[in-house]
Amino acid sequence: MDATRMAYAYTGKNKIAKFEGHYHGGFDQVLLSVNPPIDEAGPPHEPNAVIESSGVDSYHEEHTVILPFNDLEAAAEILSKRRDEIAAVVLEPVQGGFIPAEQSFMDGLRKVTEELDILLIFDEVKTGFRLGLGGAQSLYEIKPDITALGKVVGGGFPVGMVGGKKEVMMVSSPKASSDVFDSSQSLKSSAKDVLFHSGTYNGHPTILAAGLATIHRLEKEINNVFAITYQLKEGINKLFAKRGVAMKTIGLGSIFNIVITDQEKILNYRQLQQSNFHIRKEIDFRLLCEGIYTKPLNRYSLSTVHGEKEINRTLEAYDRVLSQLF
Ligand SMILES: Cc1ncc(COP(=O)(O)O)c(C=O)c1O
């Protein structure tokens, strides 16, 4: 929310562009086209803006522009047509935490947004610390203008953070002194000159201490988490392959998803919709009956508490579940 407001304040424009299938939180400007029904989603190269919640005003269908992910040509065409209206493009560098942007797409998007004077916002709420301590931006070697991070900064506790390039961040700085004790009225900036960014949940030191402790632990252990994730991925791949079932484990770092599909690549929301959700649900439910909870139809996110024991137990349960189904 603050990242969007910051982009509006910095550019003086009042529309945001987001990608179909990307989630950026429960506020109105971006609660569109996260999981749109295909029959409402419009053409793949120029998707419709589809509201995701009751109570979101249709105003946002006009003010949120939807882009196709991993399709640079189509995204660039929409952006250049509407460059005077669009303040920023926001994206999950890895859609839903598991469908990575292709490097050429990311390089191209950075170049196009710079050329069009549109800010680039990385929503690293899922990717921050799951792809590495530098997030997706260090992996892709791309500098966004604004970065948003979430609970990972608080070691899992509720917190949000927004940061970015100095010139953009300066929109939140009082233009002149707005110190309540400053008596020189002439120096005071009016409220609308400065980006408002206060709130009941802001600035909780205990949560930030938890975040710092998490970073220190991950500095030592992140590679173990990556290794154990790889072990689980490879184990699951082998169990499916043994039965000749086409599927993919998709993801980077400590997060991935199981997609039941024979498509060569899954690069966006539309392709993901063609996978077999029915079988995936069956697997999720049967794993649950085995005492293994995987969030239904959702990603697998590993952490420092997952070790050999948990991986082996999961793979044994998986083997039994797959032998019931195939
Ligand atoms: C990519 C991404 N952005 C933002 C959010 C924050 O959403 P909210 O503030 O509604 O919890 C999430 C939450 O999971 C997320 O995954």
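Residues numbered from 1 in each chain as written. Predicted model: local features only at pLDDT ≥ 70, side-chain atom pairs only at ≥ 80, totals over all residues. Heavy atoms only, no water.

Neither face of strand β2 (residues 64-67) is left uncovered, since the one carrying Thr64 and Ile66 and the one carrying Val65 and Leu67 both have all their residues buried. The pairing of strand β1 (residues 15-19) with β2 spans four bridges and is classified as parallel. By the bridge assignment, Ile16 is partnered in β2 with Thr64. (Buried < 20%, exposed > 50% of the residue type's maximum accessible area, 1.4 Å probe, protein only. Helix = DSSP H or I, 4+ residues; strand = E, 2+ residues; numbered from the N terminus. Pairing = 2+ DSSP bridges.)

Close to the ligand lie Tyr23, His24, Gly25, Gly26, Glu92, Asp123, Val125, Lys126 and Lys151. Contacts to the ligand include Tyr23, whose side-chain N or O atom sits 2.9 Å from an oxygen atom. Here the ligand, which alone exposes 390 Å², has 67% of that area covered by the protein. Taken together, the residues of the shell around the ligand sort by class into two nonpolar, three polar and four charged. (Near = heavy atom within 4 Å. Polar contact = N/O pair within 3.5 Å; in protein donor to acceptor, adjacent residues only side chain to side chain. Areas by Shrake-Rupley, 256 points an atom, 1.4 Å probe, with all protein chains shown as cover. Nonpolar A, V, L, I, M, F, W, Y, C, P; charged D, E, K, R; others polar.)

Within the secondary structure layout, Leu133 lies in the loop between β6 (119-123) and α5 (135-140). Along the primary structure Leu133 and Ile215 are separated by 82 residues, whereas in three dimensions their C-alpha atoms are 7.7 Å apart. If we skip the residues at most four places from it in the chain, Leu133 touches Ile215, Leu218, Glu219 and Ile222. (Contact = heavy atoms within 4.5 Å.)

By volume, the second largest pocket amounts to about 490 Å³. Secondary-structure elements contributing two or more residues to the lining of the second largest pocket are β10 (255-259), α8 (269-273) and α9 (277-289). If you count residues domain by domain, the lining of the second largest pocket takes at least three from each of domain 1 (2-149 + 160-202) and domain 2 (221-325). (1 Å grid on protein atoms, 1.4 Å probe; cavity = no way out; pocket = protein on both sides within 12 Å on 5 of 7 lines; lining within 4 Å. Points joined across faces, edges and corners; volume = space filled by probe spheres on them. Domains from an automatic or database assignment.)

The next point concerns the domain arrangement of the protein chain. What the domain assignment reports for the protein chain is domain 1 (2-149 + 160-202) and domain 2 (221-325). Computed over C-alpha atoms, the centres of domain 1 and domain 2 are 31 Å apart. Roughly 1,900 Å² of surface becomes buried between domain 1 and domain 2 when both sides are summed, with 61% attributable to carbon and sulfur atoms. By the criterion of area lost to domain 2, the three top residues of domain 1 are Phe98, Ile99 and Arg130, representing 36% of everything that side buries. The interface formed by domain 1 and domain 2 includes nine residue pairs in polar contact (both at pLDDT 80 or more). Grouping the amino acids of the side of domain 1 that touches domain 2 by side-chain chemistry returns 17 nonpolar, eight polar and four charged. (Buried area = accessible area lost by both parts, 1.4 Å probe.)

In this description, an aromatic ring pair is defined by two values, namely the gap between the centres and the angle between the planes. A full pass over the atoms with the stated rule returns five aromatic pairs. With a centroid separation of 5.7 Å and an interplanar angle of 70 degrees, the aromatic rings of Phe19 and Phe105 are classed as edge-to-face. Within this pair, whereas Phe19 is found in strand β1, its partner Phe105 is found in helix α4 (residues 103-115), the two being separated by 86 residues in sequence. The residues Phe19 and Phe105 share a single accessibility class, namely buried. (Phe/Tyr/Trp six-rings, centres within 6.5 Å; stacked < 30°, edge-to-face > 60°.)

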